[in-house]
Structure formats: structure tokens, C-alpha cells
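Single-letter residue listing:
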Amino acid sequence: MRKLTNQEVEQALKNYALLDQQLAKKLEEKNKLDKQIRYYQTPKKPPVPEKPSKTRLFFEFFGIFALIAFAFCVILEWKVVEPRGFLLILSAAVPALIVTIFVYKKKNAQACARFVEAGMKYENWKKEKESTLPVLQRKLDTVMREGGELYNRYQNAKLRRILHADYLPYAGTILGYFQHGRVRDLRDAVNLLEQELREHRRDMETEAYRSEMRQQAIAQREAAEEAAAQGRRAANAAEAAAFWSAAAAVSSMSNNQSSDPNDFRVI
């Protein structure tokens, strides 16, 4: 097999890089179509109207107003078992009923609006499913067919016969070497790639080592700060113990002097 010229190598690299980009684009289209198709294939149920519970709302507000009435009973020093206190708490039903009616109408209107909106979305989904789903499936079939053809060309690309499989993912980088005149031939390009990969790995290892050292330094600093804080707490505790010990000694001496039989008090 004759040796390829640099121009032929560059062309092979360009074709391979282009096929790689086209395959990535087809995969992106496929994933997007899959997502759209799943949206229409996922079963949906028609919305069900919901109504707020009048009983639950009434007892919620009755509890609030009854609690307020009970507080008034406490303030006025009325007992709940007395007629006045019982009637005051019972009267909480009136404002509770009024607020319940108002809140129920508002919540019911909101529930109706949600039901109408959900119903419109469901009907739109049904119509779009009938008209859009077949179109999406045809597009997906086309993308899959074109992607399969591209993949066959990708697998049979000329570059695979002249470049080791380990270096194929770096076809775009190698092409850049040629375009910027950094190498004389494919062998130089591979050697330069290996050199830059080693430098990159070394940089990554160095950064990882530095990161670990930073973490250790932070941990050591935090440990030193904690040790210093413990030392300060211990010193404060010792100082406090010495102070209270001296205070106790002074108090003891004072008590001994006050119990002397020669002591006297003026009455």
C-alpha cells in the first residue's frame, strides 16, 4: 500500500470529523423526536371536575372563630359552661358560615377554571396526537435510516485504515495540527498528540494533588483553630476555677470570723 500524502491524510481527517459531527447531529434529532413521540404515546386521562368541601371549610373557619371566642371568654373571665360563654362560642358559627360561603365560591371558581384549562389541554393533546404523531414517526424513520447510512460510512471511513483506533476520537485535534503547520506528517501528529495527552494527564494529576493539599491544609487549619479554641476554653475554665476557689476561701474566713464568741452585735 502506497504512503498517503499529507493532503490525502488531511482530507481523510476532514471526512471523518464531518461524519462524526453529522452522526452527533442525527443522534440529537433522534433524541428530540423520541421525546416528542413519548409525549403523545403516554396515555392521558380526561380531567375530572373537583369541588371544595363545604363541610371541611366550615369546620376550619368555625374552629378559628371559636378559638377567638374562647380567648374572649378567658379575657372576660367567663366560663364556657356558663350561658354567656357558651353562647359566645356558639355565635362563632355565624361569621364562620359567612366566610365559608365566600371562600367556597372563590375556590369553586378556581377549580372550574383549572378544569376548563385541563380539558382544553387534553382535547388539544388528542387532536395533536392524531395529526402530529404519524408525522413525528415518519421523521424518526427518516432520521434512523439516514443515521444508519452515515454510521456505515463512518465505520468504513478511510481514516480507520491509516490511524489507530485509539487516536480516532482525536481526529479533529490532529487535523488542527496539520492546518496550523505544527507537524510534517501523520507520525509527527501522533507523537505530538501523545505528548499533549501526557502533559494534560500530568496537569490533571498535579491539579488533583494540589486540590488534595488544599483540602489537607484546610483540615489542618480547622484542627489548629479548634485546638486553640479548646485551649482558650481550658484557660478560661482554669481562671474561673481559681477565682471561685479564692472567693470560697474568703467566704470561709468571713464565716469563721463571724462565729467568734468574742464577736458582738449592737442591738
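A brief look at the structure comes next. Keep in mind it's a predicted model, so treat the numbers as computed, not measured.

### What to know about the side chain of Asn-108
Part 1: Along the chain, the position of Asn-108 falls in helix α4 (residues 93–155).
Part 2: Classification of Asn-108 by relative accessible area gives buried; the value is 19%.
Part 3: Setting aside residues up to four positions removed in sequence, Asn-108 forms contacts with Lys-51 and Pro-52.

### Some points on the packing of helix α1 (residues 6–41) against α4
Part 1: Running from amino to carboxyl end, α1 crosses α4 at an angle of 155°, the nearest separation of the two axes being 9 Å. With respect to each other, α1 and α4 are oriented roughly antiparallel. Considering only the axes of α1 and α4, their crossing is left-handed.
Part 2: Grouping the constituent residues of the contact of α1 with α4 by class yields 16 nonpolar, 6 polar and 10 charged.

### Brief notes about the packing of aromatic side chains
Part 1: Tallied over the entire structure, the rule returns 6 aromatic pairs.
Part 2: Geometry around Tyr-154 places Arg-160 over its ring, the cationic atom sitting 4.9 Å from the centre.

### Points about the packing of helix α2 (residues 54–76) against α4
Part 1: Direction vectors running N to C along α2 and α4 enclose 135°, while the axes themselves pass 8 Å from each other. The orientation of α2 with respect to α4, classified from their angle, is oblique. Helix-helix and strand crossings are classified by hand; for α2 and α4 the assignment is right-handed. Counted together, Lys-54, Leu-57, Phe-58, Phe-61, Phe-62 and Phe-65 of α2 and Ala-93, Pro-95, Ala-96, Leu-97, Val-99, Thr-100, Val-103, Tyr-104 and Lys-107 of α4 form the full contact between these two elements.
Part 2: Split by residue class, the contact of α2 with α4 holds 12 nonpolar, 1 polar and 2 charged.

### Structural notes on the nonpolar core
Part 1: By size, the foremost hydrophobic cluster in this structure holds 26 residues, and its most contacted members are Leu-13, Tyr-16, Leu-159, Leu-163, Ile-174 and Phe-178.
Part 2: Apart from residues no more than four positions distant in its own chain, Leu-163 is found in contact with Leu-168, Ile-174, Leu-186 and Val-190.
Part 3: Ranked by size, the runner-up nonpolar core spans 9 residues in total, among them Leu-33, Ile-37, Leu-133 and Leu-140.

### Observations concerning a nonpolar patch on the surface
Part 1: Residues Ile-64, Ile-68, Phe-72, Ile-75 and Leu-76 make up a contiguous nonpolar surface patch of about 490 Å² in total accessible area.
Part 2: Looking at where Ile-75 falls in the secondary structure, it is placed in helix α2.

### Brief notes about the environment of Gln-155
Part 1: By the element assignment, Gln-155 lies in helix α4.
Part 2: For Gln-155 and Leu-19, which are 136 residues apart along the polypeptide, the C-alpha to C-alpha distance reads 9.8 Å.
Part 3: A distance of 3.1 Å separates a polar atom in the side chain of Gln-155 from a polar atom in the side chain of Arg-160.

### Quick look at the environment of Ala-69
Part 1: By secondary structure assignment, the location of Ala-69 is in helix α2.
Part 2: A residue is classified by how much of its surface remains accessible, and Ala-69, at 7% relative accessible area, is buried.
Part 3: In sequence terms Ala-69 and Gly-85 are 16 residues apart; their C-alpha atoms lie 8.3 Å from each other.
Part 4: Apart from residues lying up to four places away in sequence, Ala-69 is in contact with Leu-88 and Ile-89.

### Some details on α4
Each α-helix winds once per 3.6 residues, and so residues spaced three or four apart point in a common direction.
Part 1: For α4, which comprises 63 residues, the first-to-last C-alpha distance of 80 Å sits more than 12% below the rise-based estimate of 93 Å (1.5 Å per residue).
Part 2: When the local axis directions of α4 are compared, the greatest deviation, roughly 45°, occurs at Lys-129.

Cut-offs and rules
- Residues numbered from 1 in each chain as written.
- Predicted model: local features only at pLDDT ≥ 70, side-chain atom pairs only at ≥ 80, totals over all residues.
- Heavy atoms only, no water.
- Helix = DSSP H or I, 4+ residues; strand = E, 2+ residues; numbered from the N terminus.
- Buried < 20%, exposed > 50% of the residue type's maximum accessible area, 1.4 Å probe, protein only.
- Contact = heavy atoms within 4.5 Å.
- Axes fitted to C-alpha atoms, helices over the stretch in contact; angles between N-to-C directions.
- Parallel < 35°, antiparallel > 145°, perpendicular 65-115°, else oblique.
- Left-handed = near helix turned anticlockwise from the far one by under 90°.
- Nonpolar A, V, L, I, M, F, W, Y, C, P; charged D, E, K, R; others polar.
- Phe/Tyr/Trp six-rings, centres within 6.5 Å; stacked < 30°, edge-to-face > 60°.
- Lys NZ or Arg CZ within 6 Å of the ring centre and 35° of its normal.
- Core = buried A, V, L, I, M, F, W, Y, C linked by side-chain atoms within 4.5 Å.
- Patch = residues over 30% accessible without salt bridge, like charges linked within 9 Å, V, L, I, M, F, W, Y side chains within 5 Å.
- Areas by Shrake-Rupley, 256 points an atom, 1.4 Å probe, with all protein chains shown as cover.
- Salt bridge = Lys/Arg side-chain N within 4 Å of Asp/Glu carboxyl O.
- Polar contact = N/O pair within 3.5 Å; in protein donor to acceptor, adjacent residues only side chain to side chain.
- Expected span 1.5 Å × (residues − 1).
- Bend = angle between axes of the 7 residues up to and from the residue.

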